[in-house]
Amino acid sequence: MPSTPRRPTSADDLIVLLAVAREGRYTGAAERLRVNHTTIARRIDALERSLGGRVLVRGAAGWVLTPLGEHAVAAAEEVERAMRGLSPDEPALAGVVRLSATDGFSGFIASPAVAALRERHPGVSLEIVAATRRAAAQRVGVDLEVVVGRPHVHRAEATHLGDYVLGLYASRTLLERRGAPASVDGLAGEPLVYFIESMLQVDALDTARRSTRRMVDAVSSTNVYVHVDATRAGAGYGLLPAFLADRHDDLVRIFPDEIEERLPYWLVCRPEALRQPTAVAFIAALRGRMAEVSDALLGRPSPAG
């Protein structure tokens, strides 16, 4: 008997596949496209029938494209570009970028970067999950991650964004009250403000504590902005990012030639995120912001200062 002819491939079905590829989940694609989960499943099923094979398989971190799916996504991207070209008066870029990053990076780098991007593309928005952790084994729900220290990842792209330094700081009131230590050895037994050691998951941040091992924990927190505020309040000596501490005139850096820990920021991207124009544009904005504040990140006086 003759086989049933395949239905023509729908451009709408291709756009749905593109959303699933970028999100890794049907629910995420449904939110992006403002439809329900059932519609996503139905569209993917229709696309697979029209193409005569599977376009997605379930992986440990969500839905993964098959070779046929990779081919279909390339076509979907062409459809997306064509659709944007039909509306030249609308913003060229629009959509949500989901980022996981440390508190300091989120505030000092990512927020100004997206502000600059939105001046040209107001349809772009950023969702930030602030966390200090190693790169996730499964990055469903985020497009990009920024971590401290070189990550070991699979099915993801990792690139070095740049470095920043930690220094030891004290408030002027603390130094007046206790007196300034004469040497690094004199810091033994002095109060320290830093991360909670038992909860610290990032090896690079743990190693950075080597010069303060003989100090005593006074205030410990998972949030670097708490470190800055506790140090300014005189709770102890803070091991702080220079780019956050140097902005405060009431903080003094102690032993800068002897206590300086240089740490790298790494960007981790899902392959699907690199197909997303908004994510690519945001990465460029991050790099621009990193270059703009490179002196501050490394604790150097600005050329104008």
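Refer to the structure printed above.
Residues numbered from 1 in each chain as written. Predicted model: local features only at pLDDT ≥ 70, side-chain atom pairs only at ≥ 80, totals over all residues. Heavy atoms only, no water.

**Q** Can you explain the overall build of the protein chain? Please cite residues and give values.
**A** In terms of helices and strands, the protein chain carries 11 helices and 11 strands. Residue pairs in contact within the protein chain that sit at least 24 positions apart in sequence constitute 76% of those at least 6 positions apart. Surface accessibility of the protein chain: about 15,200 Å² in total, with carbon and sulfur atoms responsible for 52%. (Helix = DSSP H or I, 4+ residues; strand = E, 2+ residues; numbered from the N terminus. Contact = heavy atoms within 4.5 Å. Areas by Shrake-Rupley, 256 points an atom, 1.4 Å probe, with all protein chains shown as cover.)

**Q** Lay out the pattern of salt bridges in plain terms, naming residues and giving numbers.
**A** This model, assessed by the stated rule, comprises 17 salt bridges. With a shortest N-O distance of 3.2 Å, Arg54 and Glu48 are connected by a salt bridge. Classification of Arg54 by relative accessible area gives partly exposed; the value is 48%. The salt bridge involving Glu261 is made with Arg210; its shortest N-O contact spans 2.8 Å. (Salt bridge = Lys/Arg side-chain N within 4 Å of Asp/Glu carboxyl O. Buried < 20%, exposed > 50% of the residue type's maximum accessible area, 1.4 Å probe, protein only.)

**Q** Give me the pairing of strand S5 (residues 144-148): which residues, what numbers.
**A** Strand residues, when the strand is regular, have side chains that alternate between the two faces of the sheet. In terms of residue burial, S5 counts as a mostly covered element, since five of its five residues are buried. Across the two faces of S5 the burial is the same, with Leu144, Val146 and Val148 and Glu145 and Val147 all buried. Both strand S3 (residues 94-101) and S5 contribute to a ladder of two bridges, which runs parallel. The residue of S5 that forms the bridge with Leu99 is Leu144. (Pairing = 2+ DSSP bridges.)

**Q** Which residues make up helix H3 (residues 37-51), and what values go with them?
**A** Along its 15 residues, H3 runs 21 Å from first to last C-alpha, staying within 8% of the 21 Å computed at 1.5 Å per residue. Buried residues of H3: Thr39, Ile40, Ile44, Ala46, Leu47, Glu48 and Ser50, and no others. (Expected span 1.5 Å × (residues − 1).)

**Q** Outline the packing of helix H1 (residues 11-23) against helix H2 (residues 26-33), supporting the account with residue identities and numerical values.
**A** Between H1 and H2, whose axes approach to 8 Å, the crossing angle comes to 120 degrees. Classed by the angle they form, the pair H1 and H2 counts as oblique. Every pair of crossing elements has a handedness; the one defined by H1 and H2 is right-handed. Counting all contacts with H1, which are made through Ile15, Val16, Ala19, Val20 and Glu23, the residues of H2 involved are Tyr26, Gly28, Ala29, Arg32 and Leu33. Counted by class, the contact of H1 with H2 contains seven nonpolar, one polar and two charged residues. (Axes fitted to C-alpha atoms, helices over the stretch in contact; angles between N-to-C directions. Parallel < 35°, antiparallel > 145°, perpendicular 65-115°, else oblique. Left-handed = near helix turned anticlockwise from the far one by under 90°. Nonpolar A, V, L, I, M, F, W, Y, C, P; charged D, E, K, R; others polar.)

**Q** Run through the packing of aromatic side chains, naming residues and quoting values.
**A** Summed over all chains, the structure comprises six aromatic pairs. Taken together, a centroid distance of 4.6 Å and an interplanar angle of 20 degrees make the contact between Tyr164 and Tyr265 stacked. Remark: Tyr265 occurs in strand S11 (residues 260-269) and Tyr164 occurs in strand S6 (residues 157-171); sequence separation between them is 101 residues. Accessibility classification places Tyr164 together with Tyr265 in one group, the buried group. Judged by centre distance (5.1 Å) and plane angle (75 degrees), the rings of Tyr194 and Phe195 are edge-to-face. Taken as a pair, Tyr194 and Phe195 share a single burial class, namely buried. An aromatic cluster of three or more residues is present, and its members are Phe105, Phe108, Tyr164, Phe243 and Tyr265. Arg289 extends its terminal NZ or CZ atom over the ring of Phe108, reaching a point 4.8 Å from the ring centre. (Phe/Tyr/Trp six-rings, centres within 6.5 Å; stacked < 30°, edge-to-face > 60°. Lys NZ or Arg CZ within 6 Å of the ring centre and 35° of its normal.)

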